[in-house]
Amino acid sequence: RIVYVVDASGSLVDTLPYVLTELSRSISRLDKQQQFTVLFFQGNDLLELPPAGTGLRHATKVNINTAVKWVNPEAGNLFAKGRSNPLPAIRKALGYHPEMLFLLTDNLAAQQTGVQDDAALLDQITQANTTRAAIHTIQFLYKDAADQSAGNVPLLKQLADRNGGKYTFVDAKDLKTP
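Residues numbered from 1 in each chain as written. Predicted model: local features only at pLDDT ≥ 70, side-chain atom pairs only at ≥ 80, totals over all residues. Heavy atoms only, no water.

Peer 1: Can you walk me through the packing of aromatic side chains in this structure?
Peer 2: Each aromatic ring pair is described using two quantities: the centre-to-centre distance and the angle formed by the ring planes. A complete count under the given rule lists two aromatic pairs for this structure. Seen in terms of ring centroids, Y4 and F102 are 5.6 Å apart; in terms of plane orientation they differ by 20°. Their pairing is stacked. With Y4 in strand 1 (residues 2-7) and F102 in strand 5 (residues 100-105), the pair connects residues that are 98 residues apart, well separated along the chain. You can call Y4 buried: its relative accessible area is 2%. Residues F40 and W70 carry aromatic rings whose centres are separated by 6.0 Å and whose planes lie at 50° to one another, so their mutual orientation is tilted. Taken together, the residues F40 in strand 2 (residues 35-42) and W70 in helix 2 (residues 61-71) connect sequence positions 30 residues apart. (Phe/Tyr/Trp six-rings, centres within 6.5 Å; stacked < 30°, edge-to-face > 60°. Helix = DSSP H or I, 4+ residues; strand = E, 2+ residues; numbered from the N terminus. Buried < 20%, exposed > 50% of the residue type's maximum accessible area, 1.4 Å probe, protein only.)

Spelled out as structure tokens, the structure:
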């Protein structure tokens, strides 16, 4: 059971096509024993892979093809816009009781979510993870400037570490042409 939580906020205006291409590649590799869905976030809004509200779907060829076509940048279904608040999408994703959650974004910070501070944000997400899903985080292009200058661990890495996941940073040279 896999849920992808994908940032479609304005900060990814230059990156979203690459993110969607990588998402398509990942979905295409699922096998029929798996279930999946995709949640996109823009500000406090979230958009689920159609048909919305159906939750996890089996990774049949039909469902995989439908998802890949829908997230294709050329389909025009998704545009980067708005602010970035992944918290509602993460909570909804965890409500599906996944075994794995993939969070694809360029940044995670408490000020985006209305939570008091970064530590409280990490605590809220970890507490919402009642089924102990592995939360894998993929950070695109922009390292956490404050964390790096202070020699601290990026917040997305801390989230992955706390929740049995893996943190990956994707630099511009790592992006594959959409």
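Peer 1: Just to check I follow, could you spell out the environment of P98 for this structure?
Peer 2: Mapped onto the elements, P98 comes out in the loop between helix 3 (87-95) and strand 5. Along the chain, P98 and L56 lie 42 residues apart, while their C-alpha atoms are 8.7 Å from each other.

Peer 1: Explanation requested: the pairing of strand 5 in the structure shown.
Peer 2: For a regular strand, the rule is simple: side chains alternate between the two faces of the sheet. The buried fraction of strand 5 amounts to five of the six residues, a majority that puts the element mostly inside the structure. As paired elements, strand 1 and strand 5 share five bridges and run parallel to each other. Paired with Y4 across the two strands is F102, which belongs to strand 5. In terms of strand pairing, strand 5 meets strand 6 (residues 134-140) through six bridges, oriented parallel. Looking at the pairing, F102 lines up with H136 of strand 6. (Pairing = 2+ DSSP bridges.)

Peer 1: Which parts of the structure should I look at to understand helix 2?
Peer 2: Turn by turn, an α-helix covers 3.6 residues, leaving residues three or four places apart pointing in a common direction. Taken residue by residue, helix 2 has I64, A67, W70 and V71 as its buried positions. Each buried residue of helix 2 sits inside an arc of 135° when the element is viewed along its axis, so together they form one side. Relative to its buried face, helix 2 has exposed residues pointing more than 90 degrees away, namely K61, V62 and K69. In this structure, the buried side of helix 2 is in contact with helix 1 (16-28), strand 2 and strand 3 (45-48). (Arc of directions from axis to C-beta. Contact = heavy atoms within 4.5 Å.)

Peer 1: So what exactly am I meant to see when it comes to helix 3 here?
Peer 2: All of the buried residues along helix 3 are L87, A89, I90, A93 and L94. The arc that holds the buried residues of helix 3, viewed along the axis, is 160°, so those residues lie on one side. At the C-terminal side of helix 3, H97 shows a positive phi close to 55°.

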